[in-house]
Amino acid sequence: NVEKVIEHFNVFGMPQHVELWLDNDEAGRNATVTLSDKLTCTVEDKASVYAPHNDLNDWLVALK
């Protein structure tokens with residue numbers, strides 16, 4: 001999916017800022033690194049917001 005994101009921005013234009021709300025696992029971290037390296041805009045990793053939960057949904061469920 002990372003390549004699809006890059007392709008999308010190449011077609012529709014690069015934003016100035018991107019927030020990544022990806023999983024707190026190896027795949028999420030790898031995607032964050034790849035996007036940070038390949039995108040020419042500011043990339044903000046938001047995964048620490050819901051740590052130690054694996055993803056945003058797990059964190060939201062835990063808030064109940």
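Structural data are supplied above this passage.
Quick summary incoming for the structure in this document. Keep in mind that what you see is a predicted model, and the values were worked out from it rather than measured.

Some points on the packing of aromatic side chains
Then step 1. Under the criterion given, the structure shown has one aromatic pair.
Then step 2. On the basis of an interplanar angle of 20° and a centroid distance of 6.1 Å, the ring pair of Trp 21 and Tyr 50 is categorised as stacked. In this pair, Trp 21 is assigned in the loop between strand 1 (17-20) and helix 2 (26-38) and Tyr 50 in the loop between strand 2 (42-45) and helix 3 (56-62), connecting sequence segments 29 residues apart.
Then step 3. On the basis of relative accessible area, Tyr 50 is assigned to the buried category, the value being 0%.

Some thoughts on the pairing of strand 2
Then step 1. In the sheet, strand 1 pairs with strand 2 via four bridges, with the strands oriented parallel. Bridged to Val 18 within strand 2 is Val 43.
Then step 2. The parallel pair strand 1 and strand 2, bridged by helix 2, forms a crossover whose chirality is right-handed.

Here we look at the side chain of Thr 32
Then step 1. Counting through the fold element by element, Thr 32 comes out in helix 2.
Then step 2. Its relative accessible area of 10% is what places Thr 32 among the buried residues.
Then step 3. At a separation of 2.9 Å, a polar atom in the side chain of Thr 32 contacts the main-chain carbonyl oxygen of Gly 28.
Then step 4. In this view, Thr 32 contacts Leu 20, Leu 22 and Asp 45; residues no more than four positions away in its chain are not counted.

Criteria and cut-off values
- Just so you know, the residues in each chain are numbered from 1, in the order the chain's sequence is written.
- Thresholds applied to this predicted model are a pLDDT of at least 70 for local features of residues and 80 or more for the giving and counting of side-chain atom pairs; totals over whole chains, interfaces and linings are not thresholded and use all residues.
- Excluded from the side-chain calculations are hydrogens and water; all other atoms, namely the structure's heavy atoms, are used.
- Pairing of aromatic side chains requires ring centres within 6.5 Å, counting the rings of Phe and Tyr and the six-membered ring of Trp. Pairs whose planes differ by under 30 degrees are stacked, by over 60 edge-to-face, and all others tilted.
- To qualify as a helix, a DSSP run of H or I must reach at least 4 residues; to qualify as a strand, a run of E must reach at least 2; elements of each kind are numbered from the N terminus.
- Exposure is judged per residue with a 1.4 Å probe applied to protein chains only, and the accessible area is read against the type maximum: over 50% gives exposed, under 20% gives buried, and values in between give partly exposed.
- Any two strands with at least two DSSP-identified bridges between them are counted as paired.
- Here a crossover is taken to be right-handed if, once the strands point away from the viewer, the path from the first strand over the helix to the second is traced clockwise.
- Here a polar contact is recorded for every N or O atom pair within 3.5 Å, except that within protein the pair must consist of a potential hydrogen donor and a potential acceptor, and residues adjacent in sequence are included only if both atoms are side-chain atoms.
- Residues count as neighbours in contact if any of their non-hydrogen atoms are within 4.5 Å of one another.

Geometric descriptors of this kind do not, in isolation, establish any biological role.
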